[in-house]
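Structural characterization, general
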Amino acid sequence: MGSLADPGELDSVEPPQQQPSFDEFQRQTSLMTSCTLLWKELSDHFTSLEQDILKKSEALKAKIQTLDSETKASLEVLEQRETSMNVSLSIALQKVVENKKAAILAFDEGVEQPEVDDSTGLLLKLKSFCVKMDSRSFWNFLTAKKKDLDSLRVEIPKALGECVDPPRFVLESISEVFPEDKREERNERNNDLGWACVLMLESLIPVMMDPVLGNERKLVTPSVKDKANEIAEIWKRSLDERGGIENVKTPDVHTFLQHLVTFGVVKNEDFDLYRKLVVGSAWRKQMPKLAISLGLGDKMPEMIEELISRGQQVDAVHFTYEVGLADKFPPVPLLKAFLKDAKKAAAAILEDPNNFGRAAHFAAKKEQSAIRSVLKCIEEYKLEAEFPPDNLKKQLEQLEKPKNEKKRPAAVPANKRTRANNGGPMPPAKAGRSTNAYVSSFPVAPAFVRSPPHTQYPQAVPAYASPPAIYGSRSPPYPYSPEPAPYPGTPVNYSPYGGYCNGMAPAYQQAYYR
């Protein structure tokens, strides 16, 4: 028999190892996968946080740099303003001393007033009023010199520079008619003084510019600016007395808008009022520039659309070129539509029984005016390639032909008796026997009958003042711009045109309104 094993040997024998179960293996694998995913998620999260912090840090650095540069620029501007104030103050003090000496000399020695027979004499005369701050005499002299407007435009800014306070001087000068007409005696010949108001307000702009900063800062005292703002409010309140926006006169509108721009008293809450006033007087050549100066640049597209809907296509063309929207509102289709409307209006005049006898004259006049205005636009905006003007010129010649034929002197028949001394026609043989020695050889002209208005677009449109049917206006060019760059100083001609509305042109003097 075999021997039994030693118990010590039995204790030293290792038990067999047990393999992990399948479920335990899956649990461990899942745990490791979860840990890996969690680690990746945390890693991505911290990486994203780091990137965000870097971006914010870079943005903050950029803002700090921008702030530093803006601060530096602001400090430079403030330094320039301080310098300009010192320069302006020294100029003003020097001007006060010089004007004081000149005024004392003029009063004490009785200096004779210069003869106003040339530009030099005109300037000396204007300066004499400005040195003494005699705004009333200046105004009376200016309104009596309307025929010398070309010279006045050049000399008035120079003369205003001699005033101690040019803005106050201008406000006092035009106060007789703006914001309210205070004259006791008025007549048709001197009723319209808007041209003088606009001329003075425009002439003041270069005088008010800071000698260092230019148009960025206007040399006007707070009290005068407050007065200018008060005047604007008075004019707005008087609109109801004038019959509302649709009845206010264009010279008054022009003066009001120019007043706002000159003194910088434009208000954002009044933009709608400004837009209506500009559209109501859109036929005035300066309105597109004034609209931009008033801050209406963003509203220009809708204003142009409104002008087109009202049949004022030529005005719309001027507005489009002023703001660079000719691509959005092509000018040639607008001009052709304007001519088409004018032709329809002329045909309506011919068919009107109330215009019998003079209908042909009125119809031809309407078409002539429309053609001239379109020809002027073609020339001004160089549209000859897109809209050849030859046919329009021929049409204009045909329309003007009957009028030219009427002006030709009639031939004297051979059987008429002639005077022996000069060969002129003798009066009728029995003229001397009549109680009235003058016998006309022409038939009695029919009584004049005003043609009824013709509106191109019968559908409802906003109520604005109707532009005149015939443009006969010349206005002074703007010596300034809403931007720092000044407007060109050359006059701008605005040829007569119309045919799309029912009003007649106001009797503006040709010498000023352009």
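So, here is what we can say about the structure in this document. All values reported here derive from a predicted model rather than from experimental measurement. (Residues numbered from 1 in each chain as written. Predicted model: local features only at pLDDT ≥ 70, side-chain atom pairs only at ≥ 80, totals over all residues. Heavy atoms only, no water.)

**Here we look at the overall build of the protein**
Which entries qualify depends on this criterion: Secondary structure elements are defined from DSSP: runs of H or I of at least 4 residues count as helices, runs of E of at least 2 residues count as strands, and each element is numbered from the N terminus. Exposure classes here rest on a 1.4 Å probe applied to the protein chains alone. A residue is buried below 20% of its type maximum, exposed above 50%, and partly exposed in between. We call two residues contacting when some pair of their heavy atoms lies within 4.5 Å. Per-residue and other accessible areas follow the Shrake-Rupley method at a 1.4 Å probe size, with only the shown protein chains counted as cover for residues.
Scanning the protein for helices and strands turns up 16 helices and two strands. Here the protein holds 514 residues, and 37% of them are scored as buried. Taking as baseline every contact in the protein between residues at least 6 positions apart, the subset at least 24 positions apart corresponds to 74%. Carbon and sulfur atoms make up 55% of the accessible area of the protein, which amounts to about 31,500 Å² in all.

**Some thoughts on the packing of aromatic side chains**
Definition in use: Note on ring pairs: Phe, Tyr and Trp rings are taken, using the six-membered ring of Trp, and paired if centres are within 6.5 Å. Classes follow the plane angle, with under 30 degrees stacked, over 60 edge-to-face and the rest tilted.
Enumeration according to the criterion identifies five aromatic pairs in this entry. Arranged with centres 4.1 Å apart and planes meeting at 10°, the rings of Trp-235 and Phe-256 form a pair that is stacked. Here Trp-235, found in helix H8 (residues 222-237), pairs with Phe-256, found in helix H9 (residues 250-263); they are 21 residues apart in sequence, far enough to count as distant. Each of the two residues, Trp-235 as well as Phe-256, counts as buried.

**Description of the pattern of salt bridges**
To keep things clear, this is the line we draw: Take a side-chain nitrogen of Lys or Arg and a carboxyl oxygen of Asp or Glu: if they are within 4 Å of each other, that pair is a salt bridge.
Under the counting rule described, the total for this entry stands at 16 salt bridges. The shortest N-O distance in the salt bridge between Glu-155 and Lys-158 comes to 3.7 Å. Placement of both Glu-155 and Lys-158 in helix H5 (residues 149-160) is noted, with a separation of three residues, approximately one turn of the helix. When salt bridges that share partners are traced, they join Glu-233, Lys-236, Lys-267 and Asp-270 into one network.

**Some thoughts on the environment of Arg-136**
Note that Arg-136 resides in helix H4 (residues 135-143). Expressed as a C-alpha distance, the spacing of Arg-136 and Ile-174, which sit 38 residues apart in the sequence, is 8.8 Å. Setting aside its immediate chain neighbours within four residues, Arg-136 contacts Glu-172, Ser-173, Ser-175 and Glu-176.

**What about the packing of H5 against helix H7 (residues 194-208)?**
We apply this condition: Note on geometry: axes are C-alpha line fits, over the in-contact stretch for helices, and angles between N-to-C directions span 0 to 180 degrees. The labels follow the angle: roughly parallel below 35 degrees, roughly antiparallel above 145, roughly perpendicular from 65 to 115, and oblique for the rest. Crossings are sorted by hand: turned counterclockwise from the far helix by less than a right angle, the near helix makes the crossing left-handed, and turned clockwise it makes it right-handed. Think of it as three bins: nonpolar holds Ala, Val, Leu, Ile, Met, Phe, Trp, Tyr, Cys and Pro, charged holds Asp, Glu, Lys and Arg, and polar takes everything else, Gly as well.
At a closest axis distance of 8 Å, the pairing of H5 and H7 adopts a crossing angle of 45°. By the angle class used here, H5 and H7 are oblique. Like other packed secondary-structure pairs, H5 and H7 cross with a definite hand, here right-handed. Here Leu-149, Leu-152, Arg-153, Ile-156, Pro-157 and Leu-160 of H5 lie close against H7, whose contacting residues are Trp-195, Leu-199, Met-200, Ser-203, Leu-204, Pro-206 and Val-207. Broken down by class, the residue content of the contact of H5 with H7 amounts to 11 nonpolar, one polar and one charged.

**Section: a nonpolar patch on the surface**
Quick note on the threshold: Each patch is built from salt-bridge-free residues with over 30% relative accessible area, joining like charges within 9 Å and nonpolar side chains (Val, Leu, Ile, Met, Phe, Trp, Tyr) within 5 Å.
Taken together, the side chains of Leu-38, Leu-42, Phe-46, Leu-49 and Ile-53 define a hydrophobic patch exposed on the protein surface, amounting to about 490 Å² of accessible area. Topologically, Phe-46 is positioned in helix H2 (residues 22-109).

**Looking at the side chain of Gln-368**
Short version of the rule: Within 3.5 Å is the distance limit for a polar contact, defined as a pair of N or O atoms, with the added protein rule that one can donate a hydrogen and the other accept it, and that residues adjacent in sequence qualify only through two side-chain atoms.
Along the chain, Gln-368 falls in helix H15 (residues 359-380). Of the residues examined, Gln-368 reaches a relative accessible area of 6% and is grouped as buried. Here the side chain of Gln-368 touches Leu-399 through a polar contact of 3.1 Å, landing on its backbone oxygen.

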